[in-house]
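Spelled out, the chains give:
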Amino acid sequence: MSASSSPAPVRTSAGPTAAELLDFVRRTAADTPLVASLPLDPEGRTWIRLDGPGGSEAWLIGWPPGTGTGWHDHADSIGAFLTAAGTLKEHSLAARLPTDGWKTLELADDIDRSRELAAGQGKAFGRHHVHEVLNESATEHAVSVHAYYPPLPQIRRYSRTGAVLRLEQTERPEDWQ
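## A few points about the nonpolar core
- Membership of the largest hydrophobic core comes to 18 residues, with the highest contact counts inside it found for L21, V25, L60, V143, V145 and A147.
- Only α1 (18–29), β2 (57–63), β4 (78–85) and β10 (142–149) provide two or more residues apiece to this core.
- Take this core: its biggest share by element is five residues, from α1.
- Dropping the residues within four chain positions of it, V25 is found in contact with A80, F81, L82, V145, H146 and A147.
- Counting residues in each nonpolar core, the second largest holds twelve residues, with F81, L88, F125 and Y148 among its members.

What follows is the structure, encoded as structure tokens:
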């Protein structure tokens, strides 16, 4: 190794990093035949489960006009998602919330973040990232690719009224079968 070489990135876990998940969703979204193979339903979201890198869980998801996820997090999983077709909007909270022991929180001012993600745009995120994802188009489907590591142990769903965030439900993988 020459003196100018950089050391390899240090891993804190055996699984992929958020950056590696983002790279995976970017490559997968560029797979035009795969994206075109997703059946689109005018009434509800559709999905295909994919093999993600390093034991991660991945999904190709179709979003009819006017649909969204509602506020949620992915618990202890890191993740990434990228829009493959159409445009999605993400609303997120720029704060780390307590992970357990609460039902209602009053959020501080200036905590809200919002971004539009057109085709080819995406983001990686860390554990306990609270957000909602929406297809605000009145006429066009959107398609996105998502990856999570470790595979989702749970999803916590929230309701939001103004500055008040309320934990409504905790879902586990068996709830999604």
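On we go from here.
## Overview of α1
- Under the 1.5 Å per step criterion, the end-to-end length of α1 is 16 Å for twelve residues, consistent within 8% with the ideal 16 Å.
- Buried within α1 are the following residues: L21, L22, F24, V25, T28 and A29. Projected onto a plane normal to the axis of α1, the buried residues spread over an arc of 160° and lie on a single side.

## Comments concerning unusual backbone geometry
- The step from Y149 to P150 runs through a cis peptide bond, and the omega angle for that step is -5°.
- On the secondary structure map, P150 appears in the loop between β10 and β11 (155–161).
- Of note, D110 is a non-glycine position whose phi angle comes to about 60°, a positive value.
- If you trace the backbone, D110 turns up in the loop between β6 (104–106) and β7 (112–118).
- Note on D110: relative accessible area 70%, which makes it exposed.
- The phi dihedral of H128 is positive, around 65°, even though this residue is not glycine.
- Considering the arrangement of structural elements, one finds H128 in the loop between β8 (122–125) and β9 (131–134).

The rules we used
- Residues numbered from 1 in each chain as written.
- Predicted model: local features only at pLDDT ≥ 70, side-chain atom pairs only at ≥ 80, totals over all residues.
- Heavy atoms only, no water.
- Core = buried A, V, L, I, M, F, W, Y, C linked by side-chain atoms within 4.5 Å.
- Buried < 20%, exposed > 50% of the residue type's maximum accessible area, 1.4 Å probe, protein only.
- Helix = DSSP H or I, 4+ residues; strand = E, 2+ residues; numbered from the N terminus.
- Contact = heavy atoms within 4.5 Å.
- Expected span 1.5 Å × (residues − 1).
- Arc of directions from axis to C-beta.

Don't take any of this as a statement about function, it's just geometry.
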